[in-house]
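Inside the fold
Each chain, written out:
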Amino acid sequence: MKEMYDLIKRCQSGDVAAREKLLNENSDLVWAVVDRFLWRGIDAEELYHLGCTGFRKAVDEFIPQSGIRFSTCAVPQIAGGIRNYLRTLTPTAEHSEEQHKNSATNT
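Definitions and cut-offs
Residues numbered from 1 in each chain as written. Predicted model: local features only at pLDDT ≥ 70, side-chain atom pairs only at ≥ 80, totals over all residues. Heavy atoms only, no water. Helix = DSSP H or I, 4+ residues; strand = E, 2+ residues; numbered from the N terminus. Buried < 20%, exposed > 50% of the residue type's maximum accessible area, 1.4 Å probe, protein only. Contact = heavy atoms within 4.5 Å. Salt bridge = Lys/Arg side-chain N within 4 Å of Asp/Glu carboxyl O. Axes fitted to C-alpha atoms, helices over the stretch in contact; angles between N-to-C directions. Parallel < 35°, antiparallel > 145°, perpendicular 65-115°, else oblique. Left-handed = near helix turned anticlockwise from the far one by under 90°. Nonpolar A, V, L, I, M, F, W, Y, C, P; charged D, E, K, R; others polar.

Remarks on the overall build of the protein chain
Looking only at helices and strands, the protein chain features six helices and zero strands. The helix and strand sequence of the protein chain, counted from the amino end, reads α-α-α-α-α-α. Buried positions account for 36% of the 107 residues belonging to the protein chain. Restricting the contact set of the protein chain to residue pairs at least 6 apart, pairs at least 24 apart contribute 58%.

A look at the side chain of glutamine 77
With respect to the element layout, glutamine 77 can be found in helix α5 (residues 70-89). Not counting residues up to four positions away in its chain, the partners in contact with glutamine 77 are Gly54, Lys57, Ala58 and Glu61.

Describing the pattern of salt bridges
Inspection of every chain in the model, using the stated rule, returns four salt bridges. For arginine 19, the salt bridge is made with aspartate 60, and the minimal N-O distance between the two is 2.7 Å. With a gap of 41 residues between them, arginine 19 in helix α2 (residues 16-25) and aspartate 60 in helix α4 (residues 44-61) connect regions that are remote in the sequence. By relative accessible area, which is 44% here, aspartate 60 ends up partly exposed.

Regarding the packing of helix α1 (residues 2-12) against α2
For the pair α1 and α2, the least separation of the axes is 8 Å and the interaxial angle reads 135°. On the basis of their axis angle, the class for α1 and α2 is oblique. Once α1 is placed against α2, the crossing between them reads as left-handed. Judged by residue contacts, Glu3, Met4, Leu7, Ile8, Arg10 and Cys11 of α1 engage Ala18, Arg19, Lys21, Leu22 and Glu25 from α2. By residue class, the composition of the contact of α1 with α2 is six nonpolar, no polar and five charged.

Structure follows, in structure tokens:
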């Protein structure tokens, strides 16, 4: 945990190598969020890159002293990066996501 926080601090100071290492070590987290959006028919690699953008934003905004786990902060940022893109595709993207959730709970 301390190593991750040290990497985050280095990333926030502009260390590109630390940023890449942190992303590589947490790629499973990004993929786990991407899996939630695969039903939309968008290329998985494209969703992964969008998720990485959200991951980078989470790194930039994370405050290690807050007492919150990094993954707790990162997951909403990763999902948000993907959702923002999906909203640009169709005006009903949010409605479609809600329909998908409802159909998944009704089965």
